[in-house]
Amino acid sequence: MKRIILAALAATALCVGTPVQAQIASTGAVQAYPSKAVKMIVPFAAGGPADIYARFIGQKLSESLGQPFVIENRPGAGSVIGTDAVAKSPADGYTLLMMSNTHTVNESLIPNKPFDLMRDFAPVAPINYSDLVLVVHPSVPANNLKELIALAKSKPKAMNYASSGPGTPYHMAGELFKAMADIDVVHVPYKGSSGARADILGGQVQMMFDAITTMAPNVRAGKLKAFATTGKTRSSVLPDTPTVSEAGVAGYEATIWLGIMAPTGTPKPVIDKLNAEIVKIVNRPEVKKAWQEQGAEPMSMTPEQFGRYMREDITKWARIVKISGAKVD
């Protein structure tokens, strides 16, 4: 009998100890994270803001965490293809998503996606935001925003604007502008921002809302005309360019922001570790200075704050999608 009691006690001790041992093992794994290369999928084409800042953040994370952060571009279907690949990846912290407000727009614009943003992904950290600029090809016979609007009103559907794809900030900035200026111009979607930029520079399309960070050099070089920026106040990068609101469409505002998410189920200590490192990076004085010179403002939030921010953005863009009547063709 004594042997049976001792055996039972030993078995009980093993059962009690197993969760503790698992917790210790899990804690050790998190402390060791990352122990191998981390993949960051960018569901947009190379050369745009998401790609540029993903590579910057990836490099800085590699330096601080001691493992490679490999950037992989998987554009297509308005970011759906690359995003779905992350949603189907193991929730272990080794596959991350570089996302933008394209994703919060798509929650209402593309309701039949194979994933739900706030169900299938966990917020990690925001990166930054920047205003857009409305650029026009020099061949367009208008010299400012009011003249452009008058020209568009006089020729419904005769003018067009480019975007990097359905649901992107460039697309929604255009749709919001159409609705608020009461004009009818044709949306020309591309598979990425680089193709859209190439065609507006070549005159194949007439106008485009694009990130100031990437389009300002073309404006300064005289290759395109900048009619307005999309923030509440003028951009320090293009200080002589009025805001859309100043130039004739009162109350207009649109920005592009970037952030990082991970598949739902990724251990919270891993998410918290990534968040802490990203917050350190974006708050470095030299990073802030460099980004502000490019027209980008750092964003700093906890994962919980970032989650609330995204839910509010989803609600905001759902209203704009409804007002503008924007659709995915």
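Refer to the structure above for everything that follows.
Draft legend 1. How the structure looks around the overall build of the chain. Assigned secondary structure in the chain consists of 13 helices and ten strands. Dimensions of the chain, computed from C-alpha atoms along their principal axes, come out at roughly 100 × 40 × 30 Å. Across the 329 residues in the chain, those meeting the buried criterion constitute 53%. On the chain, roughly 14700 Å² of surface is accessible, and the fraction owed to carbon and sulfur atoms is 57%. Of the charged side chains in the chain, 34 are positive and 27 negative, and the gap between their average positions amounts to 4 Å.

Draft legend 2. Representation of the side chain of His-171. Structurally, His-171 is set in helix H7 (residues 169–181). Here the side chain of His-171 touches Gly-167 through a polar contact of 2.9 Å, landing on its backbone nitrogen. Sequence-distant contacts of His-171, defined by excluding residues within four places in its chain, comprise Leu-109, Tyr-161, Ser-163, Gly-165, Pro-166, His-187, Ala-326 and Lys-327.

Draft legend 3. Region of the structure containing the packing of helix H4 (residues 101–109) against helix H13 (residues 303–324). Interhelical geometry of H4 versus H13 gives an angle of 55 degrees and a closest axis separation of 8 Å. As judged from the angle between their axes, H4 and H13 are oblique. Regarding H4 and H13, the two cross each other, and that crossing is right-handed. Across the interface between the two elements, Asn-101, Thr-104, Val-105, Glu-107, Ser-108 and Leu-109 of H4 pack against Met-310, Asp-313, Ile-314, Trp-317, Ala-318 and Val-321 of H13.

Draft legend 4. Fine view of the pattern of salt bridges. Counted according to the given criterion, the structure contains 16 salt bridges. Among the salt bridges present, the one from Lys-178 reaches Glu-175, with a minimum N-O distance of 3.6 Å. On the criterion of helical spacing, the pair formed by Lys-178 and Glu-175 is a turn pair, its members being three residues apart in helix H7. Each member of the pair, Lys-178 as well as Glu-175, is classed as buried. Its salt-bridge partner being Glu-246, residue Arg-234 comes within 3.0 Å of it at the nearest N-O pair. Of this pair, Arg-234 sits in the loop between strand E8 (225–229) and helix H10 (244–247) while Glu-246 sits in helix H10, placing them twelve residues apart in sequence. You can call Glu-246 partly exposed: its relative accessible area is 48%.

Draft legend 5. Representation of empty space enclosed by the protein within the structure. Applying the stated criterion across every chain yields a total of one cavity of 30 Å³ or more. Counted as a void, the largest cavity has a volume near 40 Å³. Considering the residues around the largest cavity, the lining is formed by Leu-134, Tyr-161, Gly-174, Phe-177, Lys-178, Val-185, Met-207, Met-208 and Phe-209. Among the residues forming the lining of the largest cavity, the class breakdown is seven nonpolar, one polar and one charged.

Draft legend 6. A look at the nonpolar core. With 55 residues, the main nonpolar core has Leu-145, Leu-148, Phe-177 and Tyr-252 as its most contacted residues. Residues within four places of Leu-145 in sequence aside, it is in contact with Leu-134, Phe-177, Phe-227, Ala-228, Val-244, Ala-247, Gly-248 and Val-249. Residues Phe-44, Tyr-53, Ile-57 and Ile-260 belong to the second largest nonpolar core, which totals 32 residues.

Draft legend 7. Here's a closer look at the side chain of Ser-130. Relative to the assigned elements, Ser-130 resides in strand E4 (residues 121–136). Among residues more than four places away in sequence, those in contact with Ser-130 are Ala-211, Thr-213, Thr-255, Ile-256, Gly-295 and Ala-296.

Draft legend 8. Here's a closer look at the packing of helix H2 (residues 49–65) against helix H11 (residues 268–282). Where H2 contacts H11, the two axes come as close as 10 Å, and the packing angle between them is 110 degrees. One finds that H2 runs roughly perpendicular with respect to H11. Of the two possible hands of crossing, H2 and H11 adopt the one that is right-handed. Packed against H2, whose contacting residues are Phe-56, Ile-57, Lys-60, Leu-61, Ser-64 and Leu-65, the element H11 presents Lys-273, Leu-274, Glu-277, Ile-278, Ile-281 and Val-282 at the interface. The residue inventory of the contact of H2 with H11, partitioned by class, reads eight nonpolar, one polar and three charged.

Rules and cut-offs
Per chain, residue numbering runs from 1 following the sequence as it is written. Local features in a predicted model are, by the rule used here, given only for residues with pLDDT of at least 70; side-chain atom pairs are given and counted only at 80 or more, and totals for whole chains, interfaces and linings are based on all residues. With hydrogens and water set aside, each side-chain value is computed from the structure's full complement of heavy atoms. Each helix corresponds to a stretch of at least 4 residues labelled H or I by DSSP, and each strand to a stretch of at least 2 residues labelled E; elements are numbered beginning at the N terminus. Burial classes: relative accessible area under 20% of the type maximum marks a residue as buried, over 50% as exposed, and values in between as partly exposed (1.4 Å probe, protein chains only). Per-residue and other accessible areas were derived by the Shrake-Rupley procedure at a 1.4 Å probe size, with only the shown protein chains allowed to occlude residues. When charges are counted, neither His nor the chain ends are considered; positive counts come from Lys and Arg and negative counts from Asp and Glu. Taken as the charge centre is NZ of Lys, CZ of Arg, CG of Asp or CD of Glu, depending on the residue. Side-chain atoms alone can form a polar contact between residues adjacent in sequence; in general such a contact is a pair of N or O atoms within 3.5 Å, and within protein one must be able to donate a hydrogen while the other accepts it. Whether two residues are in contact is decided by their heavy atoms: any pair within 4.5 Å suffices. Every axis corresponds to a line fitted to the C-alpha atoms, with the helix fit spanning only the stretch in contact, and the corresponding angles, defined between N-to-C directions, vary from 0 to 180 degrees. Note on angle classes: values under 35 degrees are labelled roughly parallel, values over 145 roughly antiparallel, values of 65 to 115 roughly perpendicular, and the remainder oblique. Handedness of a crossing is defined here by the sense of rotation of the near helix relative to the far one, left-handed for an anticlockwise turn of less than a right angle and right-handed for a clockwise turn. The working definition used for a salt bridge is a side-chain nitrogen of Lys or Arg within 4 Å of a carboxyl oxygen of Asp or Glu. Put plainly, a pocket is an open set of points on a 1 Å grid over the protein atoms alone with protein on both sides within 12 Å along at least five of seven lines, a cavity is a set where a 1.4 Å probe fits but cannot get out, and a lining residue has an atom within 4 Å of a point. Grid points are joined across faces, edges and corners, and a volume is the space filled by probe spheres set on the points. When residues are grouped by polarity, Ala, Val, Leu, Ile, Met, Phe, Trp, Tyr, Cys and Pro land in nonpolar, Asp, Glu, Lys and Arg in charged, and all others, Gly among them, in polar. For our purposes a nonpolar core is just a set of buried Ala, Val, Leu, Ile, Met, Phe, Trp, Tyr and Cys residues, chained together by side-chain atoms within 4.5 Å.

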